[in-house]
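Close look at the chain arrangement
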Amino acid sequence: MLLSLNLKNFVIVDRLALDFAGGLSVFTGETGAGKSIVIDALGLLLGDRAEVGMVRHGTDKAELAAEFAITDLKIAKDWLAEAELTGDDTDIVNLRRTLDTQGKSKAFINGTAATLAQLKILGEMLVDIHGQHAHQLLLRPETQRNVFDAFVGASDLASQVTADWRQWQRAQEEFDAASRNAAAFEAERERLQWQINDLTELALGDNEWVELQGEHKRLQHAASLIDGVQAALLVLSDDDENCQGWLSGATRRLQELAGYDELLNPSLELLAGVDAQLSEAVSELRRYADHLELDPSRLAEVESRLDAIWSMARKYRIEPPDRLPVVLAEWSARLDELGGGEGLARLQQAAKAAQTRYEASAAKLSALRQRHAPAFAKAVTAEMKPLALADSRFEVALTATVPSAHGLEDVDFLIAHGDAPARAMGKIVSGGELSRISLGIQVITSALSGVPTLVFDEVDVGIGGRVAEIVGRMLAGLGQKHQVLCITHLPQVAACGGQHYLVSKAKNKEGIVSHVASLDNVGRVEEIARMLGGVEITETTRRHAAELLGHV
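Residues numbered from 1 in each chain as written. Predicted model: local features only at pLDDT ≥ 70, side-chain atom pairs only at ≥ 80, totals over all residues. Heavy atoms only, no water.

Notes on the pairing of strand β1 (residues 2-10)
A regular strand places its side chains on the two faces of the sheet in alternate fashion. Looking at chain direction, β1 and strand β4 (residues 61-69) are connected through six bridges and run antiparallel. Bridge assignment links lysine 8 to a residue of β4, and that residue is glutamate 63. Note that β1 and strand β2 (residues 13-19) share six bridges and pair antiparallel. The residue bridging phenylalanine 10 from the neighbouring strand is valine 13, located in β2. (Pairing = 2+ DSSP bridges. Helix = DSSP H or I, 4+ residues; strand = E, 2+ residues; numbered from the N terminus.)

Comments concerning the side chain of serine 514
You can see serine 514 is positioned in strand β15 (residues 511-518). Polar side-chain contacts of serine 514 include one of 3.4 Å to the backbone oxygen of serine 504. Aside from chain neighbours lying at most four places away, what touches serine 514 is Ile12, Val13, Ala33, Gly34, Ile37, Val503, Ser504 and Lys505. (Polar contact = N/O pair within 3.5 Å; in protein donor to acceptor, adjacent residues only side chain to side chain. Contact = heavy atoms within 4.5 Å.)

Focus on the pattern of salt bridges
Note on pairing: side chains with opposite charge can pair once their charged atoms come close. Scanning all chains against the criterion turns up 17 salt bridges. Between aspartate 149 and arginine 369 there is a salt bridge, and its shortest N-O distance comes to 2.9 Å. Linking aspartate 149 in helix α5 (residues 141-151) with arginine 369 in helix α14 (residues 344-384), this pair joins segments that are 220 residues apart in sequence. Arginine 369 matches aspartate 149 in its accessibility class, with the two residues each being buried. Arginine 530 is the salt-bridge partner of glutamate 527, the closest N and O atoms lying 2.6 Å from each other. Residue glutamate 527 and its partner arginine 530 are located together in helix α19 (residues 521-533), separated by three residues, close to a single helical turn. (Salt bridge = Lys/Arg side-chain N within 4 Å of Asp/Glu carboxyl O. Buried < 20%, exposed > 50% of the residue type's maximum accessible area, 1.4 Å probe, protein only.)

Concerning the pairing of strand β6 (residues 105-109)
Summarising the sheet, strand β5 (residues 92-100) and β6 pair through five bridges and their orientation is antiparallel. Within β6, the residue paired with leucine 95 across the bridge is isoleucine 109. The antiparallel hairpin formed by β5 and β6 contains four residues in its connecting segment, where glycine 103 sits at a positive phi of about 90 degrees. Note: β6 against strand β7 (residues 112-114), three bridges, orientation antiparallel. Following the sheet pairing, alanine 107 is matched in β7 by alanine 114. Adjacent in sequence and paired antiparallel, β6 and β7 are bridged by two residues, among which asparagine 110 carries a positive phi angle near 50 degrees.

Quick word on the packing of helix α2 (residues 74-82) against helix α3 (residues 116-126)
The N-to-C vectors of α2 and α3 enclose an angle of 160 degrees; their axes lie 9 Å apart at closest approach. Looking at the two axes, α2 sits roughly antiparallel to α3. Considering the relative orientation of α2 and α3, their crossing is left-handed. Of α3, the residues touching α2 (which contributes Ile75, Ala76, Trp79 and Leu80) are Gln118, Ile121, Leu122 and Met125. (Axes fitted to C-alpha atoms, helices over the stretch in contact; angles between N-to-C directions. Parallel < 35°, antiparallel > 145°, perpendicular 65-115°, else oblique. Left-handed = near helix turned anticlockwise from the far one by under 90°.)

Quick word on the packing of aromatic side chains
As enumerated under the stated definition, the model contains 13 aromatic pairs in all. Ring geometry for phenylalanine 20 against phenylalanine 27: centres 6.3 Å apart, planes inclined by 45 degrees, an arrangement best described as tilted. By relative accessible area, which is 1% here, phenylalanine 27 ends up buried. Consider the rings of phenylalanine 27 and tyrosine 501, whose centres lie 4.9 Å apart with planes at 15 degrees: the pair is stacked. Taken together, the residues phenylalanine 27 in strand β3 (residues 24-28) and tyrosine 501 in strand β14 (residues 499-508) connect sequence positions 474 residues apart. The two residues phenylalanine 27 and tyrosine 501 agree in class, both being buried. One aromatic cluster is present, built from ring pairs that chain together Phe148, Phe151, Phe376, Phe394 and Phe413. Across the ring face of phenylalanine 108, the terminal group of arginine 96 is positioned such that the distance to the ring centre comes to 4.2 Å. (Phe/Tyr/Trp six-rings, centres within 6.5 Å; stacked < 30°, edge-to-face > 60°. Lys NZ or Arg CZ within 6 Å of the ring centre and 35° of its normal.)

Here it is, written out as structure tokens:
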């Protein structure tokens, strides 16, 4: 769960340090005070894109940091270990991110630089954020489908269906394109085949061209090399008068003189090194000379091979010739795309195989959806009843459709009032009803989630009165198994929180600054009274606020 959040120069926050506990924590404050800043900061730490305007005006850089406890979160521990991002304490993960006014952003996991993709992957294991527009998104078909698939545990299978669909469409498009241009397709395939045969028959090794050039140069100048090496060996070692002899004589003479003056010893040490290097050079030259020979036949072989390679390179306009193996690999890959030796038949077979894979995964997804649709509808209907929707019924319609990236059926959420037939949500429910239905669905899906921290950003829009208190109790109940953070404008919901944070803003010499304070019991009474009574707080509203807190 989230243990702490620290912000510096973020939007209208100069400095903020918050510690969190388990259960339900609520954030309240006047409109425009900056209640969503905490949610925005969490979003950035979990991989959201940054904007230059998020750096507080007049400063150069914003800094954000959060600490999470992952003691019982094995999936996160395993991922950190695999990514080599585990910290000193394996039960804790620290996230940090910096933003500057140039638009540059840096991210860190446990002190090690990380990518936004890594933040997002880890973030999905740590926090689930439900935005304030979730009820509006619920009218979109893709949202309904994703919510339902998440409930039935089919999200991974749905992703596989989409991947299989794309692979099938790609394979089918390749076959169709080849079929429409069969003559050109066959011509290209045949041309590639004989070109590949040519280069395969040549069998040029990866480094053969360079090695042949070196060998040709040695063989072509073998006589000069032999004469030159022998002449060098005469001067250095083999002649009656040679360098090694001269050096040896000079060294002996100086060694005698060093007995008279030790200042000659450094020079003797240098000469000893020269003697060792000269001996090594002579040995190396002798080894080289042993392998030198005049070999006209081998020279002819090398020249013939070089000529064959040159001819092949000129034939296909490939320069330099050592690129021939690379071009062969490229041609082979292209021929494989065109179906290899089988041509159209192989492309058709590949398309049919991809279709079979798609149909198998899509059928499996359909079966999973059909099996769990009644349970999801029953669960949502049960959550709707205490939310002033007792006479309403929730249904999931699975309508068979043409195969698509999302499977073999459309997923639609329907609502029925009383005995009337169920209709699409967007055509029958009011804004307030939609908010309550959305909240019920979010509570259900969150309860099933393995994510330890749930965030609700004003998801209680359009709710009031007795229903508001039920929503508060619902969120508090969710807090029995999860850590829940909730931004709310409802006093009934705020009263249900185990921890209460007040967000306010004030003007100082640097501009508008937002503050977040943890409220004690007295402070909570005052804040809930403000939420109940508006600008003027009376003793009556304070008593009402205290009663609300006492009922929780």
